[in-house]
Amino acid sequence: MIPYTVNIKLAARTLTGALNLQNKTAVDWGWQGLIAQGCHSSILIIDPKTAQTIQVLERHKTNVVKVKWSRENYYHNLSSPYCLRLASGDASGKIIVWDVVSGTAHCEIQEHSKPIQDLEWLWNQDASRDLLLAVHPPNYIVLWNGDTGTKLWKKSYAENILSFSFDPFDPSNMALLTSEGIVFITDFSHSKPPGSTGKKVYIASPHASPAHNKPAPAATPVPTGAKKALNKVKVLITNEKPTAEAVTLNDCLQLSYLPSKRNHMLLLYPREILILDLELSQTVGVVAIERSGVPFVQVIPCAQRDALYCLHENGCITFRVCRSTTALEEASDPEQSVQELVYDLRSQCDAIRVTKTVRPYRMVICPVNENNAALMVSDGRVMLWELKSHSGRVTANPSSGLSPLYSPVSFCGAPLGPNQKRIQDLCLNSMIGQTLIAGEAPPPSSIQQEVQLKFLLTGLLSGLPLPPFAIRMCPPLTTKNINYYQPLLAVGTSNGSILVYNLTSGLLHKELSVHSCEVRGIEWVSLTSFLSFATSAPNNMGLVRNELQHVDLPTGRCFAFRGERGNDEPPIEMIKVSHLKQYLVVVFRDKPLELWDIRTGTLLREMAKNFPTVTALEWSPSHNLKSLKKKQIAAREAIARQTVSDAEQSSVESSVISLLQDAESKSEISQAISAREHFVFTDTDGQVYHITVEGNTVKDGARIPPDGSMGSIACIAWKGDTLVLGDVDGNLNFWDLKARLSRGIPTHRGWVKKIRFAPGKGNQKLLVMYTDGAEVWDTKEVQMVSSMRIGRNVNYRILDIDWCTSDKVVLASDDGCIRVLEMAMKSASYRMDEQDLTDPVWCPYLLLPRAALTLKAFLLLQPWSGTFTMDITQVDYNEKDEIKGLIQEQLNSLSNDMKSVLQDPELSLLQRCLLVSRLFGDESDLHFWTVASHYLQSFAQARQLSVSISDGTQAQSEGSQAPPQNHLDICHDVLCESSYFQKFQLDRVHLQEVKRSSYEHTKKCADQLLLLGQTDRAVQLLLETSADNPSYYCDSLKACLVTTITSSGPSQSTIKLVATNMIANGKLAEGVQLLCLIDKAADACRYLQTYGEWNRAAWLAKVRLSPAESSDVLKRWAEHLCSSQVNQKSKAILVLLSLGCFSKVGEMLHSMRHFDRAALFIEACLKSGVMEANDSSNKLIEAAFVDYARLLRSLGLREGAALWASRAGGAGQQLMEELFQGEGGTASPAVAEEDAEASQEGTD
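- Under an unreviewed UniProt entry, the name given to the chain is WD repeat-containing protein 11, and the source organism is Betta splendens.

Spelled out as structure tokens, the structure:
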């Protein structure tokens, strides 16, 4: 039995180092839970939970400048499985779409040859998930099909496009950041290019814009730096091009829509972040840095909460949360109550030490949970930070005046059970509660916990240091060392340290600081120790300090091998260790060589002054160790025979002899025999010398005259009966010593730098390194096997070479990477499933599609046979053991907290569905279950309050009886409760009003106020119009109209007539306003929908209509979303959920063949009591359950299939028979009992 198994086959892999400047923006954290990062022309795939590199993708020829994971916002089944798909763009304009698990390319796309500026997968329709939008410099946007590589359309713009951002709430809106300003596009569609050139707005740099500050009264305090900045950025966005002196430079670093609330955008400048309200094109908030603060590099807005992650130039990540507007209302000065959106600094992590070569490049945050951040540093480090919340009554800094943050009292979207297990830091919205808005009562403080946030460094990946490198693989695997062999690679670096990597896992095994200057070479003297040498920079005499160190790996002990020698002498050129690791030759530049005994550390011979100059040297593999051992054994046997023959000798004497023999044999083992070894070397004339070393005697052997066809010999390699010489002109000379033949071959590749034979008996492959690449030769056939050359098939220069196994080579290159390649030297990605990872990685996407769906069903359908289990073998699941093992590995890799929550009987079905969709990073599931669980609970509560409300008025109970503190986050926009949505819109208009700075703004505010029904305030604004304004008369009349509207019949009918005429003549907005004035908002919504303004109609219905009317409008919208030309059924389902049309949702899910979602949703409806099993609904329930049972059967989960089939009436009965006919007809009594129980539960 081998103590532990050795992976003899090493996977091809790449060890990466520092990044290139072009890789700066090439990083992305996907919903799949993995980080992709460009490093030179490769792409690393990193698992942030265990901080391991699990894949390196190699196919690009130039630096990777952008990477993007595909989105997971679609329903997953066998035909559209969980898969890892990544798009990457490089500096030569090539885009590759990868299948990451197998490391292969789906397709390659090339349009222009300039670096790709931006990439994004489209997520906005249900039809196709393969659409990829790219910015090809200077000014093209192109839509590609990322699966086939075909171009769908291309559009050019007037300015250079730097990046783009999609509106997360309305996929037809996008904004392009150009070299001069912003271009807003409102008609983006996947079917055709945008028709218009977009609306162009120019950004005046915040520092150049004229300051719009009121003269401050003497009593008020002088504004601080941030206040000053705020005054400066009153007006920022203009439609006309600013004057030349106003635009210093568009130093806007980034633009993004806020995913947490609609129609807001963020602009990042080095010293401030501006929050714009796009309806007004007006700054409504600013985050400014004090004069001494560190400038911003990047900012990422969160979706779950109105919060920002900001990266600063010193590598510090700060987390800022939007302040609640309610807290400010108690302020004494009403003028200051709502001035702008304020983002308070809540937490920050430690900075890094920034130097010329080390600076922060980018950060990414986890899109699923939004509480993890990863920082990419230019030296190849990845720092993984986690945001942690800890509750406590202690206020960190009472003088800071920040209102406390509270943690929500729910877990996975449902109120917390009394003894329910929870994971506090599951995601951002389970850590901190919602930002309150004006007019909202804060929840009672008794039930809330105050929390503080802090960053914790949970992982660190470091790359290789900067090249040059010297590499050497440890001695090869043999039958004798197989039990304890580790494939270690020693890498000498330019700063004198030596890194030892274990090539099975690709992880750093040890880092040793050995030398004080650049390491020139390494030679192993055993499996666990090596010699390395380094030479300092030469002084004016050309002399250096030589360091030759002996390093023992297990202990880390190193000592100077040459003792006191080494100061002020010519530099060491090379060191060569003999095959039996007995002797060492040290060759100097202008000084005769030294010969050392490695075992004793003694100098055997320093050659005489007249010794020839050595240009190349190699030890012979032949030695006389075997014959010496034979002689020894023979001598022993002779002694033994002799002692037996002299039997007359006394017994005392014989015991003495045996003692002597024992002592002798022991000393033999400890003091190894000195075998005879040879080495050959060449001098400057090309003459070959042969020298024999035995013990401490050195003999000069035969000399072979130079070969005329060869130039100066640069290197020699010897294995078996083959000797190969390489010269400075690129000739290789193969000597067959047995047949006494030599054969010269010119390679025409210049100086032969190194040649090495592959390990393994009878393996005569040879690796040759040139200045411009490398080749592998077969010396038996004397022909080349493979070749790589810079510029032809790679874009890096090779610095050092070695064999790491008998069929794999390892190359160090000047892009800072070390690659383990097959003998063909084609750089290739590896299959992830062939990898040996030290820590197991939770990523269901790595499983086969079927297995991933099985794993999901296994977690969703707990408990199995009444017990909660994390062991798939306890479930009736017929599948290959190999796949079962992989699924079990995934289950084992879950954290203990997560396992205990998943096995908690208190966890409700809805919470479980939410938690599993979070674990899988399934965007579509997560949105569905978030909205479903919220409305199922709120309708169930309303139902309990008013038990016998008939179906028709059910919708009315929704607004009034939903508990106040628990509403959907505003990031769900129109899906929120009407009451909350209205408050939010009023709050927003209030802010817009404070911020308005021109007549345009005032007019927009007045329009909004009229639609919201705030007539008094609107009249005040209308009367502000100055007399010299052309619309002064119009506005004054409008003000009169608004104030005098009476509900008399004639005036109403007149206004209605005028409004319909206006709408018919293209004045839609004005007509809608008039209709809202006479409380005909329902008609207004209908007109808006007729004219295709669906979003506006939904908005108006939410803020103005009674629940019943608004639900009509939204139902029409849902129908429109389902139509084939819009094809957004998934969004329609969410709208219907918010209206409480649960059986309609069940039907739609079932008709869309989302069987698992349909069955689990209907089950949740039955459990919460918002759907009853009666004659009308039974048909749907049975159909959904039996289809889910069939799905489970196709996955191999027979037990689950039986459970669901047993609850599906007649059709289910038939399926049950099919399931159990293989087992003698009927189901086992245990299963039948369970089914009875389960069906009992369903009817309860």
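### Points about the environment of Lys-1129
Step number 1: You can see Lys-1129 is positioned in helix α20 (residues 1129-1139).
Step number 2: In this structure, the C-alpha to C-alpha distance between Lys-1129 and Met-1148, residues 19 residues apart in sequence, is 8.6 Å.

### Topic: unusual backbone geometry
Step number 1: In this chain, Pro-137 is followed by Pro-138 through a cis amide linkage whose omega measures -5 degrees.
Step number 2: Mapped onto the elements of the fold, Pro-138 is located in the loop between β11 (131-136) and β12 (140-145).
Step number 3: The amide bond that connects Pro-467 to the next residue, Pro-468, takes the cis arrangement and shows omega of 5 degrees.
Step number 4: At Met-825, a residue that is not glycine, the phi angle is positive and equals roughly 60 degrees.
Step number 5: Residue position: Met-825 is located in the loop between β60 (818-822) and α5 (849-860).
Step number 6: Unusually for a residue other than glycine, Ser-865 sits at a positive phi of about 50 degrees.
Step number 7: A relative accessible area of 40% places Ser-865 in the partly exposed class.

### What to know about the pattern of salt bridges
Step number 1: Scanning the model with the defined rule gives 58 salt bridges in all.
Step number 2: Between Glu-159 and Lys-200 there is a salt bridge; the shortest N-O distance is 2.9 Å. One end of the pair, Glu-159, is in the loop between β13 (151-156) and β14 (161-166); the other, Lys-200, is in strand β17 (residues 199-203), and 41 residues separate them in sequence.
Step number 3: For Lys-200, a relative accessible area of 31% puts it in the partly exposed group.
Step number 4: Here Asp-306 makes a salt bridge to Lys-261, at a shortest N to O gap of 2.7 Å. Linking Asp-306 in the loop between β23 (296-301) and β24 (307-312) with Lys-261 in the loop between β19 (254-257) and β20 (264-268), this pair joins segments that are 45 residues apart in sequence.
Step number 5: Judged by its relative accessible area of 11%, Asp-306 is buried.
Step number 6: By relative accessible area, which is 6% here, Lys-261 ends up buried.
Step number 7: Overlapping salt bridges bring together Arg-562, Arg-565, Glu-569, Lys-591, Glu-594 and Glu-606 as one network.

### Digging into the side chain of Gln-1073
Step number 1: As for its position among the elements, Gln-1073 is in helix α16 (residues 1068-1077).
Step number 2: One polar contact links Gln-1073 to Lys-1038, side chain to side chain, over a distance of 3.0 Å.

### Side note on the nonpolar core
Step number 1: Within the largest apolar cluster, 181 residues are counted, with the highest numbers of intra-cluster contacts made by Ile-45, Leu-86, Leu-859, Phe-928, Leu-1100, Leu-1137 and Phe-1161.
Step number 2: If you count residues domain by domain, this core takes at least three from each of domain 1 (259-265 + 299-326 + 338-438 + 448-463) and domain 2 (850-941 + 1140-1218).

### Comments concerning the confidence of the model for the chain
Step number 1: Taken over all residues, the pLDDT of the chain has a mean of 84, while the share at 70 or more is 86%.
Step number 2: Across residues 243-249 the pLDDT falls below 50, and counting only partners more than four positions away or on other chains, this stretch makes 5 contacts in the model.

Cut-offs and rules
Residues numbered from 1 in each chain as written. Predicted model: local features only at pLDDT ≥ 70, side-chain atom pairs only at ≥ 80, totals over all residues. Heavy atoms only, no water. Helix = DSSP H or I, 4+ residues; strand = E, 2+ residues; numbered from the N terminus. Buried < 20%, exposed > 50% of the residue type's maximum accessible area, 1.4 Å probe, protein only. Salt bridge = Lys/Arg side-chain N within 4 Å of Asp/Glu carboxyl O. Polar contact = N/O pair within 3.5 Å; in protein donor to acceptor, adjacent residues only side chain to side chain. Core = buried A, V, L, I, M, F, W, Y, C linked by side-chain atoms within 4.5 Å. Domains from an automatic or database assignment. pLDDT = per-residue confidence, 0-100. Contact = heavy atoms within 4.5 Å.

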